[in-house]
Amino acid sequence: MSEKEELQQQAAKSGNSVTEEMASDRETRIFAEAPVGKAVASMIIPTIVSQIILVIYNLADTWYVGLTENAAAVAAVSLCLPVYNILSAVSNLFGIGGAGALARALGVHDHARARRLLGLSIGGALGGAILYALLMGIFSRPLLLLIGGDTDTIDYAVTYVFWTIVVGGIPTIVGPACGHLIRAMGHPRTASFGMILGCVLNIILDPVFMFVLLPPGNEVAGAAMATALSNTVGLIYFGIYLYAHKKNTLDGQKEKKKAAGGRLFGEIVKGGIPGFCMVALAMFSNCFLNSMISSLGSAAVAGLGIVRKIDQLAYAVNQGVTQGMLPLVAYCYSAGRRKRMWAAVGISTAISEGFSLICTAVSFLFSTQLIWIFIRDPETIRYGAEFLQILCLAVPIYTLTFVIIAVFQAAGRGVEPFILSVLHKGSLDIILLFVLRQMVGTEHILWATIVSESAALIAGAVMLAAFWKKTS
């Protein structure tokens, strides 16, 4: 029995009252009744805004620490980025995976199944957060020394990890996961507001903790405390919202025959693995790239770091589009409304690709000026401009790959998005880094990104064509 048939059978057992209640839910009508363009806009605009605010928050956090003019403190915060980003990977595992599964359950009006998926997703995120916090509490110092910490930075780095991961890991993982799930329930503005709340509060609290509440010399600890507290407030907001709206949002008759919890949990993980891999493997790939680029000197490393900051805007918008469209596509897929599903995919693709092409054109034509905004050193500007002109070409390529991955995630398929996420980062690109270094020199190894992204897109297009043929 297919997943769709199983969902429909369970929905029938739940009674017509669930369907009638679902039809009266104002937010869910975004999925089922609103014009496709309006539905897509309702889902992606709040998500894009929250992603852009997140980029501003990341830049502001680094800027505040830079005000101390303490190079070791700035380096320590940068050193912690890979281990901190694992929090996002775990959140994506249960948040994005749960969102797709939950939206598919709502597509056949099975609120009872949706309730169980909601609980399992939040429980999985909580369990992952506790486990990671415990591991980092025990092994943070040797791990940070292994990835580049030294006598100047290690104490700052351990302090930052303690407050952001050991103390603040639970809200940092569970909060965004709740945001994904709430968006899948048809409440995109609520989900985005919770994300924006934490980011804006962090920007406000950073200088308060760093320069007012704590004595001089504790600025890194202050920034980390502000992050942990802000994310906690965001999680509390989501918790209150879910508790207050649980009856109105996912109410319905109890399942007469419950699906096995392990099977539902597996469905969540299957859908979330690609999101986890994209973050985790990107960190893994960047370690190799940073190591090779460092042979060119600190100016090259600084130039690459600035390019990544510039690239964050395009990446954030693309993530906003795909994360916003995923619940809508999942709902339409399970409801059997394939024409509406593909229309939503088409509109989302046009928006995301159009913005990406604009970003690529601006970055290529004004690469030197964009790097100059961040730094005045001529050598760093030279490297940064060269790197930006290469990496900006990848933006319209990975944009399409992200849309394809989101379509497969929405349909509950695990193999295709996993393959594409691995091709995107952490496999072919690492091999090509070594090959290109030998063939054309270290300065040109960033072309590995273009080749690997192109390979991922070609593979994705072939997979999507086969899927479209089956579902149209």
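Residues numbered from 1 in each chain as written. Predicted model: local features only at pLDDT ≥ 70, side-chain atom pairs only at ≥ 80, totals over all residues. Heavy atoms only, no water.

**Focus: the overall build of the chain**
Note the threshold: Only DSSP runs of H or I reaching four residues or more are called helices, and only runs of E reaching two or more are called strands; each is numbered from the N terminus. Burial here depends on accessible area, computed with a 1.4 Å probe over protein chains only, as a share of the maximum for the residue type. Under 20% is buried, over 50% is exposed, and the range in between is partly exposed. Per-residue and other accessible areas were derived by the Shrake-Rupley procedure at a 1.4 Å probe size, with only the shown protein chains allowed to occlude residues.
Scanning the chain from N- to C-terminus turns up 20 helices and 0 strands. The burial tally for the chain puts 54% of its 472 residues in the buried class. Carbon together with sulfur atoms contributes 68% to the accessible area of the chain, which is approximately 19500 Å² in total.

**Section: the nonpolar core**
Selection criterion: The nonpolar core is taken to be a set of buried Ala, Val, Leu, Ile, Met, Phe, Trp, Tyr and Cys residues, with the residues joined through side-chain atoms within 4.5 Å. Contacts are assigned to residue pairs that have any heavy atoms within 4.5 Å of one another.
Among the nonpolar cores identified, the biggest contains 126 residues, and L144, L446 and F467 are the most heavily contacted of them. Sort the elements by how many residues they give to this core and helix α13 (residues 298-334) lands first, with 17 residues. When near neighbours in sequence (up to four residues on either side) are disregarded, L144 contacts L79, C80, V83, G149, I154, A157, V158 and V161. Residues L205, A221, M225 and A226 belong to the second largest nonpolar core, which totals 5 residues.

**Details of the packing of aromatic side chains**
Rules: The pairing test for Phe, Tyr and Trp rings, Trp by its six-membered ring, is centres within 6.5 Å, and the orientation test on the planes gives stacked under 30 degrees, edge-to-face over 60, and tilted for anything in between.
With the rule as written, the count across this model stands at 14 aromatic pairs. Ring plane angle 40° and centroid distance 5.9 Å describe the contact between F94 and F265, whose orientation is recorded as tilted. A residue pair is termed long-range when its members are at least 10 positions apart, and F94 in helix α6 (residues 81-107) and F265 in helix α12 (residues 261-293) qualify at 171 residues. Of the residues examined, F94 reaches a relative accessible area of 7% and is grouped as buried. Ring centres 5.7 Å apart and planes at 85° place the aromatic pair Y315 and F402 in the edge-to-face group. With a gap of 87 residues between them, Y315 in helix α13 and F402 in helix α17 (residues 395-410) connect regions that are remote in the sequence. By relative accessible area, Y315 is classed as partly exposed at 30%.

**Re the state of the cysteines**
Note on terminology: disulfide describes a covalent bond linking the sulfur atoms of two cysteines. Applied cut-off: The disulfide criterion is simple: two cysteine sulfur atoms within 2.5 Å.
Scanning the entire structure with this criterion turns up 0 disulfides. As a non-bridged cysteine, C392 has C359 as the owner of its nearest cysteine sulfur, 9.7 Å distant. The exposure class assigned to C392 is buried, which follows from its relative accessible area of 3%.

**Side note on α17**
In plain terms, the rule: Multiplying 1.5 Å by the helix residue count minus one yields the expected span of that helix.
The end-to-end C-alpha distance of α17 is 22 Å, a good match for the 22 Å that 16 residues give at a rise of 1.5 Å each. Counting buried positions along α17 yields 15 of 16 residues, so the element is predominantly enclosed. Two residues or fewer past α17, G412 is found with a positive phi of approximately 80°.

**Here we look at a nonpolar patch on the surface**
Our working definition: Residues enter a patch when their relative accessible area is above 30% and they make no salt bridge; the linking distance is 9 Å between like charges and 5 Å between nonpolar side chains (Val, Leu, Ile, Met, Phe, Trp, Tyr). Salt bridge, as applied in this entry: a Lys or Arg side-chain nitrogen positioned within 4 Å of an Asp or Glu carboxyl oxygen.
The grouping of I358, V362, F364, L365, F366, L393 and W447 at the surface amounts to a nonpolar patch, some 660 Å² of accessible area in total. The element that contributes the greatest number of residues to the nonpolar patch is helix α14 (residues 338-365), accounting for 4 residues. Examined against the element boundaries, F366 turns out to sit in the loop between α14 and α15 (367-374). Classification of F366 as partly exposed rests on a relative accessible area of 44%.

**Focus: the packing of α13 against α15**
For clarity, the cut-off: To get an axis, a line is fitted to the C-alpha atoms, and for a helix only the part in contact is used. The angle between two axes follows their N-to-C directions and goes from 0 to 180 degrees. Comment on the angle field: the value is read as roughly parallel under 35 degrees, roughly antiparallel over 145, roughly perpendicular from 65 to 115, and oblique elsewhere. Under the convention adopted here, Pro, Cys and the residues Ala, Val, Leu, Ile, Met, Phe, Trp and Tyr are nonpolar, Asp, Glu, Lys and Arg are charged, and Gly plus all remaining residues are polar.
Contact pair α13 / α15: the axes reach a minimum separation of 10 Å and the direction vectors enclose 105°. Here α15 runs roughly perpendicular to α13, going by the angle between their axes. Facing I306, V307, K309 and I310 of α13, the residues of α15 in contact are L370, I371 and F374. Per-class residue counts for the contact of α13 with α15 are 6 nonpolar, no polar and 1 charged.

**A word on the pattern of salt bridges**
In total, this model carries 4 salt bridges according to the counting rule given. Residues E267 and R104 are paired through a salt bridge, measuring 3.0 Å at the closest nitrogen-oxygen approach. Here E267 is found in helix α12, whereas its partner R104 is found in helix α6, with 163 residues between them in sequence. Here E267 matches R104 in class, with each residue buried.

**With respect to the packing of helix α9 (residues 169-184) against helix α10 (residues 188-213)**
Applicable threshold: Should the near helix be turned anticlockwise from the far one by less than a right angle, the crossing is termed left-handed; should it be turned clockwise, right-handed.
Interaxial distance between α9 and α10 falls to 7 Å at its minimum, and their mutual angle equals 165°. It follows from the interaxial angle that α9 and α10 lie roughly antiparallel. For the crossing formed where α9 meets α10, the hand is left-handed. Packed against α9, whose contacting residues are P176, G179, I182 and R183, the element α10 presents P188, T190, A191, S192 and M195 at the interface. Per-class residue counts for the contact of α9 with α10 are 5 nonpolar, 3 polar and 1 charged.

**Looking at unusual backbone geometry**
Non-glycine residue H109 carries a positive phi angle of around 65°. Along the polypeptide, H109 turns up in the loop between α6 and α7 (111-146). Taking the relative accessible area as the measure of exposure, H109 reaches 23% and is therefore partly exposed.

**Quick notes on the confidence of the model for the chain**
Going by this rule: As a per-residue measure, pLDDT tells how confident the predictor is, with possible values from 0 to 100.
Averaged over every residue, the pLDDT of the chain is 83; the share at 70 or more is 90%. Averaged over each element, pLDDT in the chain is lowest for helix α2 (residues 16-23) (39) and highest for α14 (94). Of the regions scoring below 50 in pLDDT, residues 10-24 engages in 30 contacts with residues more than four places distant in sequence or in other chains.

**Some remarks on α13**
The cut-off we apply is this: The angle between axes fitted to the seven residues ending at a residue and the seven residues starting there is what we call the bend at that residue.
Counted at 1.5 Å a residue, the expected span for α13 with its 37 residues is 54 Å, and the 52 Å between its end C-alpha atoms agrees. The largest bend in α13 amounts to roughly 35° and is located at Q312. In terms of residue burial, α13 counts as a mostly covered element, since 27 of its 37 residues are buried. The positive-phi residue at the C-terminal boundary of α13 is G336, with phi of around 80°.

**What to know about the side chain of N318**
Selection criterion: Contacts described as polar in this section are N or O atom pairs within 3.5 Å, which, within protein, must combine one atom able to donate a hydrogen with one able to accept it, while residues neighboring in sequence count only if both atoms come from side chains.
Assignment of secondary structure puts N318 in helix α13. There is a polar contact of 3.0 Å between the side chain of N318 and the backbone oxygen of A314. Excluding its chain neighbours within four sequence positions, the residues that come into contact with N318 are S352, S356, V395, Y398, T399 and F402.

**Considering the environment of W447**
Tracing the backbone through its elements, the reader meets W447 in helix α20 (residues 447-471). Along the backbone, W447 and D429 are 18 residues apart, and their C-alpha atoms lie at a distance of 9.1 Å. Not counting the four nearest positions on each side in its chain, W447 is found in contact with I390, L393 and L436.

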